[in-house]
Amino acid sequence: MDIKTEMIKINPQAIDHEAIARAGEILKKGGLVAFPTETVYGLGGDATNPDASHKIYSAKGRPSDNPLIVHITNMKALEEIVAQAPQAAYTLAERFWPGPLTMIFQKNDRIPYETTGGMDTVAVRMPSDPIARALIDASTGYIAAPSANTSGRPSPTQAEHVAQDLTGKIDMIIDGGPVNIGLESTIVDLTEDVPMILRPGYITLEMLQEVLGEVRVDPGLIAADSDRKPKAPGMKYRHYAPKADLKVVEGETDAVVQKINRLSEELTAQKKSVGIIATEETKDQYRQGIVISIGGRDDEEAIARHLYGSLRQFDELGVDAIFSESFATAGMGQAIMNRLLKAAGHQVLEV
Ligand code: AMP
Ligand code: MG
């Protein structure tokens, strides 16, 4: 049965604390509120309430073994929900919190197994977005919030995306405008002897190594198509996927453009509609298909911010096939390619 979903607008520069208090009350009563963070929109519920976590899984259609990230605003809140916080957590927090970094700890009894998908560990993040922070402080102080999309669809980077997926399933959507980063947080596991990246993001391996020394990357991530399972349960699902068949074309830029032009011509001749994810430098070189430029080739911030939105746009346009250029930039390139390849089900054409 559908419930009424209220959409409210909040200006992050001039927060309406009355509206936030109302949203906080919904959360305290076990309801669900979607809200902006600096990474993507989150679907929030009280992380200390097993019923609220249940509702999150059911609104998203999320597999129940895929744990939720708990959002907090201060270090005391962290200490209250973990068995122990290693020194590395304080070092990382000092440098990267509040911000787009999630850390994994051994949990204690405060956070129920419903929130952690049955795991003895808990993922925790301290976001920097002012609306997210105000909302957490107006709630119990612990908001479980996965991305606010239907499971398997691209993560929402604006409130309209949330409304497309979750209207009628949650109590409230807070529209705080488009997000800043556009890709989910970096996840680092601190329960291992050596800290390990379980999901790449805005905070890169190099940035973590700079403050921690040795850091590893989950081998299950690198060999994404091998038998090795990623340690973050969510990374094993085909995620972020658009409805159309998406293929990534990799190689030298001119050759990539030529290849996409050839493939688009073939499909167009078969009366199929084609979408192309291009860049400012290449967008005018495509002769067929609907072209979306997601930013300059070296502007990884723009590429990250526009990637999910472009996949959703092609869903709305109902194209049959999508070809994307590849974006192996220096910093966030790992995270961008991780999401793009997952969206493509690892279909890559090398030229
Ligand atoms: P989302 O909030 O939609 O970005 O998804 C959260 C991600 O964090 C998923 O990939 C989860 O599998 C991962 N995650 C959450 N908690 C844990 C945990 N305790 N151990 C490993 N991965 C986790
Ligand atoms: Mg997600």
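Every residue gets a number counted from 1 within its own chain, in the order that chain's sequence is written. As a convention, the first chain written is A and the first ligand written is 1, with the rest following in written order. Two thresholds apply to this predicted model, a pLDDT of at least 70 for residue-level local features and 80 or more for giving and counting side-chain atom pairs, whereas whole-chain, interface and lining totals are computed over all residues. Just so you know, side-chain values use all the structure's heavy atoms and leave hydrogens and water out.

Looking at the sheet that holds strand 6 (residues 121–125)
Strand pairing requires that DSSP identify at least two bridges connecting the strands. Helix and strand labels come from DSSP, where a helix needs a run of H or I of at least four residues and a strand needs a run of E of at least two; each type is numbered from the N terminus. The mixed open sheet is built from 11 strands, whose spatial order is 1-8-2-3-7-4-6-5-9-10-11. One side of each edge strand has no neighbouring strand; the edge strands of this open sheet are strand 1 (6–9) and strand 11 (216–217). Of the strand pairs in this sheet, strand 9 (residues 186–189) and strand 10 (residues 196–199) are connected by 3 bridges, and their pairing is antiparallel. Residue pairing in the sheet places Ile 187 in a bridge with Arg 199 of strand 10. Contacts from helix 1 (residues 17–28) reach strand 1, strand 2 (33–35), strand 3 (42–46), strand 7 (143–144) and strand 8 (172–175) within the one sheet, and its direction differs from that of strand 8 by about 145°. Throughout, a contact is declared for two residues whenever any of their heavy atoms are within 4.5 Å. Between N-to-C directions, angles cover 0 to 180 degrees, with each direction set by a line fitted to C-alpha atoms, over the stretch in contact for helices. Sheet strands touched by helix 6 (residues 159–166): strand 1, strand 2, strand 3 and strand 8. Its angle to strand 8, the strand with the most contacts, is close to 165°.

Section: the pattern of salt bridges
Within this document, salt bridges are pairs made up of a side-chain nitrogen of Lys or Arg and a carboxyl oxygen of Asp or Glu, the two lying within 4 Å of each other. Per the counting criterion, the structure on display carries 18 salt bridges. For Arg 125, the salt bridge identified is with Glu 38, shortest N-O distance 2.8 Å. Of this pair, Arg 125 sits in strand 6 while Glu 38 is found in the loop between strand 2 and strand 3, placing the two residues 87 residues apart along the sequence. Its relative accessible area of 2% is what places Arg 125 among the buried residues. When the shortest N-O distance is used, the salt bridge between Glu 80 and Arg 110 registers 3.6 Å. Here the residue Glu 80 occupies a position in helix 3 (residues 75–81), and Arg 110 occupies one in the loop between strand 5 (101–106) and strand 6, the gap between them amounting to 30 residues. A relative accessible area of 33% means that Glu 80 is categorised as partly exposed. In the salt-bridge network here, residues are joined through shared partners; they are Arg 153, Asp 165, Arg 312 and Asp 315. Buried, partly exposed and exposed residues are distinguished by accessible area as a fraction of the type maximum, computed with a 1.4 Å probe on protein chains only: under 20%, between the cut-offs, and over 50%, respectively.

Some words on the side chain of Glu 300
Structurally, Glu 300 can be placed in helix 10 (residues 300–317). Salt bridges are absent for the buried Glu 300, whose nearest opposite-charge side chain, Arg 305, sits at 11 Å. Under the rule applied, a polar contact is a pair of N or O atoms within 3.5 Å (in protein, one hydrogen donor and one hydrogen acceptor; residues adjacent in sequence only if both atoms are side-chain atoms). Among the polar contacts made by the side chain of Glu 300, one reaches the main-chain amide nitrogen of Met 332 at a distance of 2.9 Å. Apart from residues no more than four positions distant in its own chain, Glu 300 is found in contact with Thr 329, Ala 330, Gly 331, Met 332, Gly 333 and Ile 336. In this charge count, Lys and Arg are treated as positive and Asp and Glu as negative; neither His nor the chain ends contribute.

Description of the site of ligand 1
Around ligand 1, a shell composed of 21 residues is seen, among which Asn 66, Thr 121, Pro 146, Arg 199 and Gly 234 lie nearest. At 2.9 Å from a nitrogen atom of ligand 1 is found a side-chain nitrogen or oxygen belonging to Thr 121. With the chains in place, 97% of the 500 Å² that ligand 1 exposes on its own is no longer accessible. Those elements giving two or more residues to the shell around ligand 1 turn out to be strand 6 and strand 10. Per-element tally for the shell around ligand 1: the top contributor is strand 6, with 3 residues. Residues are sorted three ways: Asp, Glu, Lys and Arg are charged, Ala, Val, Leu, Ile, Met, Phe, Trp, Tyr, Cys and Pro are nonpolar, and all the rest, Gly among them, are polar. Residues that form the shell around ligand 1 fall into these classes: 13 nonpolar, 4 polar and 4 charged. Think of it this way: one heavy atom of a residue within 4 Å of a molecule or strand is enough to make that residue near it. Accessibility throughout is a Shrake-Rupley quantity obtained with a 1.4 Å probe, and a residue counts as covered only by protein chains that appear here.

Purely geometric numbers; function is a separate question.
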